Amino acid sequence: IATGLGSCIATDHITVDGRKVGYMYRDSPDNEIDSGWRFLSGKESQVYMDNPNNLEIYDVNTIANYDPEIIPFLSEPIGSAFERDQETRKFVEVTE
């Protein structure tokens, strides 16, 4: 459903615990197959994020299958960030 976009990093909150993506951002890619996308539930603590065993590299398509609501945002440029609004449950752009 979102093929050919490369790899991404996602936390175990999404892929193991089955939580929805709550926060996503697009960083500069680490290599030629990296899309730059990072997917989190939004409930991860800093201690959790500091443990590399809680993060894994996946194909973007895999995460889109877990949570199809991310698909409309996957063509957004590097530097983009979105979080799920607690009331509407829709993604909104995060600006700093």
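What you see is a predicted model; the values in this text were computed from it and never measured.

Remarks on the overall build of the chain
Then, in step 1: In terms of helices and strands, the chain carries three helices and six strands.
Then, in step 2: Each helix (α) and strand (β) of the chain, taken in turn from the N terminus, gives the series β-α-β-β-α-β-α-β-β.
Then, in step 3: For the chain, the spread of C-alpha atoms along the three principal axes comes to 35 × 30 × 30 Å.
Then, in step 4: A burial count over the chain gives 39% of its 96 residues as buried.
Then, in step 5: For the chain, contacts bridging at least 24 residues in sequence account for 65% of all contacts bridging at least 6.
Then, in step 6: Entry remark: accessible area of the chain is about 5,800 Å², with carbon and sulfur atoms responsible for 48%.
Then, in step 7: Considering the chain, the positive charge centre built from 8 side chains and the negative charge centre built from 18 side chains are found 7 Å apart.

Some details on the sheet that holds strand 6 (residues 91–93)
Then, in step 1: One open sheet holds the six strands; their spatial order is 4-1-3-2-5-6, and the pairing between them is mixed. For this open sheet the edge positions go to strand 4 (55–59) and strand 6, each flanked by a neighbour on one side alone. The mean angle between the axes of side-by-side strands here comes to 25°, regardless of whether they run parallel or antiparallel.
Then, in step 2: Bridge count between strand 2 (residues 23–26) and strand 3 (residues 34–40): four bridges; the pairing is antiparallel. Bridge pairing in strand 3 places tyrosine 25 opposite arginine 38.

Here's the deal with the environment of isoleucine 9
Then, in step 1: If you trace the backbone, isoleucine 9 turns up in strand 1 (residues 7–11).
Then, in step 2: With a relative accessible area of 24%, isoleucine 9 lands in the partly exposed category.
Then, in step 3: For the pair isoleucine 9 and tryptophan 37, spaced 28 residues apart in sequence, the C-alpha to C-alpha distance is 6.6 Å.
Then, in step 4: Not counting residues up to four positions away in its chain, the partners in contact with isoleucine 9 are Trp37, Arg38, Phe39, Leu55, Glu56 and Ile57.

A few points about the packing of aromatic side chains
Then, in step 1: Under the criterion given, the structure shown has four aromatic pairs.
Then, in step 2: Summarising the aromatic geometry, the rings of tyrosine 23 and tyrosine 25 are spaced 5.8 Å apart at their centres and angled 40° between planes, so their arrangement reads as tilted.
Then, in step 3: Judged by centre distance (5.5 Å) and plane angle (70°), the rings of phenylalanine 73 and phenylalanine 91 are edge-to-face. Here the residue phenylalanine 73 occupies a position in the loop between helix 3 (60–66) and strand 5 (81–84), and phenylalanine 91 occupies one in strand 6, the gap between them amounting to 18 residues. Like phenylalanine 73, the residue phenylalanine 91 is buried in the burial classification.
Then, in step 4: One aromatic cluster is present, built from ring pairs that chain together Phe73, Phe82 and Phe91.

Criteria and thresholds
- Residues numbered from 1 in each chain as written.
- Predicted model: local features only at pLDDT ≥ 70, side-chain atom pairs only at ≥ 80, totals over all residues.
- Heavy atoms only, no water.
- Helix = DSSP H or I, 4+ residues; strand = E, 2+ residues; numbered from the N terminus.
- Buried < 20%, exposed > 50% of the residue type's maximum accessible area, 1.4 Å probe, protein only.
- Contact = heavy atoms within 4.5 Å.
- Areas by Shrake-Rupley, 256 points an atom, 1.4 Å probe, with all protein chains shown as cover.
- Lys, Arg positive; Asp, Glu negative; His and termini not counted.
- Charge placed at Lys NZ, Arg CZ, Asp CG, Glu CD.
- Pairing = 2+ DSSP bridges.
- Axes fitted to C-alpha atoms, helices over the stretch in contact; angles between N-to-C directions.
- Phe/Tyr/Trp six-rings, centres within 6.5 Å; stacked < 30°, edge-to-face > 60°.

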